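# Tertiary structure, described
So you can see what is in the structure, the chains are spelled out below.
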Amino acid sequence: MQYLDNYLQSKGGYDYTNVKRNELMKAQGFKEMPFTKTGTTIVGVLFDGGVVMAADTRATAGSIVADKNCEKLHVLAPNIWAAGAGTAADLHHQCAHFNAKLKLQRLNLNRQSRVNEVITKLTSKLFPYRGNIGVALIIGGIDCNGPQLASVSPHGNYVYHPFQSMGSGSLAALGILEAKFQDGLTKQQAIDLAIEAIEAGIFHDMGSGSNVDVVAITKDGADYKRNIRQYNAKSYQRQIPYDFPINNTPALRKYQFDIEKQELTEVGQEMEIIE
Amino acid sequence: MSGIFEYNGGSIVGMKGKNCIAMACDRRFGQQMSTITTNYQKVFKIQDNILLALSGLNTDIHTFYALMEKEINLYNLKENRKMKPTTFANLVASALYERRFGPFFVTPIVAGLENGKPILATYDSIGCKSDLDDFQVGGTGGNYIYGACEAFFKPDMSPEELEEVIGQSLVSGCDRDALSGWGGVVYVLTEQKLTVKILKTKQT
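Residues numbered from 1 in each chain as written. Chains lettered and ligands numbered in written order. Predicted model: local features only at pLDDT ≥ 70, side-chain atom pairs only at ≥ 80, totals over all residues. Heavy atoms only, no water.

Under an unreviewed UniProt entry, the name given to chain B is Proteasome subunit beta, and the source organism is Paramecium primaurelia. Recorded in UniProt for chain B, the comment headed Function (unreviewed entry) runs: "Component of the proteasome, a multicatalytic proteinase complex which is characterized by its ability to cleave peptides with Arg, Phe, Tyr, Leu, and Glu adjacent to the leaving group at neutral or slightly basic pH. The proteasome has an ATP-dependent proteolytic activity." Under Subunit (unreviewed entry), UniProt gives the following word-for-word description of chain B: "Component of the proteasome complex." (UniProt positions renumbered as here; feature names shortened; annotations may be inferred.)

As annotated in an unreviewed UniProt entry, chain A carries the name Proteasome subunit beta and comes from Paramecium primaurelia. What UniProt records for chain A under Function (unreviewed entry) is the sentence "Component of the proteasome, a multicatalytic proteinase complex which is characterized by its ability to cleave peptides with Arg, Phe, Tyr, Leu, and Glu adjacent to the leaving group at neutral or slightly basic pH. The proteasome has an ATP-dependent proteolytic activity." Annotation of chain A in UniProt includes, under Subunit (unreviewed entry), the sentence "Component of the proteasome complex."

Here is the structure:
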């Protein structure tokens, strides 16, 4: 069934069987539920000897906070990380896919992955989908050509720049970066700058919030600090916690399935139902 | 015409406890404002240690459940072993993402016990897995249940306590949602047994 594999490969691994039905539903006036987006503020800063990337941790679905502490810094290779904004599912799956793709190539060629390799592969994948794969990434890493930082837009455009910010909070973060960035920062200065930029995004942008994650990549490896700053910790704890009495909620029937014996019984009745 | 996810109604919630997990759902199946039946199953036992709860468009609930049953049965036959809950959680994410441009209108919650450790994951309709919180909700009444969960939840509860807390959260949330309710079912899974409790709720 080689031809079937080739055919599926050419479709990029996506299954389009529900598309017609969904379009008909939309034409009838139904509205879709919003996808989980990472409203987000993400930044990248180049310093002397490496690159620092930072992100906030809020994921939203419409105006509800879907995840208070999600991870937006993804590993693509031991020396290359990606920070992602956009549709959360696309980010997660595309980064996982590229991680695997790069690993296979490293195993085949026995060479370290390069940043420009990631950019080329990524933009080649995104462009044919005309921006429908909603990933806006900042790619940062260190390879044989030194530390590099680039940003990739959902349509497949890329830009190399010593500092980047993306996401709904990017303008807030860019203000901090434009004011305080200089060439030749040290690692700690770059980390502090990145955290400050994310902070601006967290407080000024509604789509970003919760905590800050930071990763500093140098030729010695990647130093990942999850939740290095926490701004939204729960400050109120109920003095007297709710303690529900056991078996208080009235039940009509209650069944019990014993896993070892593989037996279903009705609790409180003499009758035994064995499946 | 409201959203596709509001057409049938329904709410689900999952919670972690100490070496146990609980899942609860309402029982209503409606078509916008009419109620068709009050015994629709939304939580499915995929394996002895994995539960799958689905909310959203009921036809897609049924189709997606059938798809997952097929996957796990094929897995059992091919690999001759049970599937781990974390593997199943990733399988659900991939199955949803495969239909990225023509999605199933479901928001699943997967709950399981792996070596006694509770696993809980929720997804949006295209497969963004979120497995860091101790409780997850889904469905039209989800946002109201969020509020109840934030108030009632405590970490590391025993199975009996967890059963009470999840039942109360579900009922409190569904009381505020017109499209959910008409009964509740609570599933509590431990290493030894699975208990199923059908709750007596307001009949509206």
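Past the structure itself, the notes keep going.
Moving on, we come to the overall build of chain A. Each helix and strand in chain A was counted, giving 6 helices and 16 strands. A compact globule built from 275 residues should have a C-alpha radius of gyration of about 19 Å, whereas chain A, at 24 Å, is more than 25% larger. By its C-alpha atoms, chain A is 80 × 65 × 45 Å across when sized along the principal axes. Burial statistics for chain A: of 275 residues in total, 46% are counted as buried. A sequence separation of at least 24 residues applies to 60% of the contacts in chain A between residues at least 6 apart. Accessible area of chain A: about 14,900 Å², with a carbon and sulfur share of 53%. Each charge class in chain A was averaged separately, 28 positive and 28 negative side chains, and the resulting centres sit 5 Å apart. (Helix = DSSP H or I, 4+ residues; strand = E, 2+ residues; numbered from the N terminus. Rg over C-alpha atoms; globule rule 2.2 N^0.38 Å. Buried < 20%, exposed > 50% of the residue type's maximum accessible area, 1.4 Å probe, protein only. Contact = heavy atoms within 4.5 Å. Areas by Shrake-Rupley, 256 points an atom, 1.4 Å probe, with all protein chains shown as cover. Lys, Arg positive; Asp, Glu negative; His and termini not counted. Charge placed at Lys NZ, Arg CZ, Asp CG, Glu CD.)

What follows is about the overall build of chain B. Looking only at helices and strands, one finds 4 helices and 12 strands in chain B. Along the first, second and third principal axes, the C-alpha set of chain B runs to 45 × 40 × 25 Å. Sorting the 204 residues of chain B into buried and exposed places 63% on the buried side. Accessible surface for chain B amounts to roughly 7,500 Å². Of this, 48% is attributable to carbon and sulfur atoms. Here chain B holds 21 positive side-chain charges and 22 negative ones, and the gap between their average locations is 3 Å.

Residues and elements named next belong to chain B. Taken N-terminus to C-terminus, the directions of helix α3 (residues 142-152) and helix α4 (residues 159-175) make an angle of 145°; their axes are 8 Å apart at the nearest point. For α3 against α4, the interelement crossing comes out right-handed. Where α3 approaches α4, its residues Y144, I145, A148, C149 and F152 are matched on the opposing element by V165, Q168, S169, L170, S172 and G173. (Axes fitted to C-alpha atoms, helices over the stretch in contact; angles between N-to-C directions. Left-handed = near helix turned anticlockwise from the far one by under 90°.)

Let's shift gears to the packing of helix α3 (residues 88-109) of chain A against helix α2 (residues 85-98) of chain B. Two numbers describe how α3 of chain A lies on α2 of chain B: the axes approach to 11 Å, and their chain directions differ by 110°. Taken as axis vectors, α3 of chain A and α2 of chain B run roughly perpendicular relative to one another. In the packing of α3 of chain A onto α2 of chain B, the handedness of the crossing is left-handed. Here α3 of chain A contributes A89, D90, H93 and Q94 of chain A to the contact with α2 of chain B, which in turn contributes A93, S94 and Y97 of chain B. Its residues placed into classes, the contact of α3 of chain A with α2 of chain B shows 3 nonpolar, 3 polar and 1 charged. (Parallel < 35°, antiparallel > 145°, perpendicular 65-115°, else oblique. Nonpolar A, V, L, I, M, F, W, Y, C, P; charged D, E, K, R; others polar.)

Now for the side chain of S208 of chain A. Residue and element names in this part refer to chain A. The residue S208 is located in the loop between α6 (187-204) and β12 (211-218) in this model. Assessed through its relative accessible area of 1%, S208 is described here as buried. Apart from residues no more than four positions distant in its own chain, S208 is found in contact with G39, T40, T41, D56, R58, S168, G169, G201 and I202.

For the rest of this paragraph, the subject is the sheet that holds strand β8 (residues 117-123) of chain B. Residues and elements named next belong to chain B. Spatially, β5-β6-β7-β8-β9 is the arrangement adopted by the 5 strands of the open sheet, whose pairing is antiparallel. Each edge of the open sheet is held by one strand with a lone partner, namely β5 (43-47) and β9 (129-130). Alignment of strand β6 (residues 50-56) against strand β7 (residues 106-114), held across 7 bridges, turns out to be antiparallel. Of the residues in β7, the one forming a bridge with L52 is V110. Of the strands in this sheet, β5, β6 and β7 are in contact with helix α1 (residues 58-79), which crosses β5 at around 10°. Each of β5, β6, β7, β8 and β9 is contacted by α2, which is oriented at about 165° to β7, the strand it contacts most. (Pairing = 2+ DSSP bridges.)

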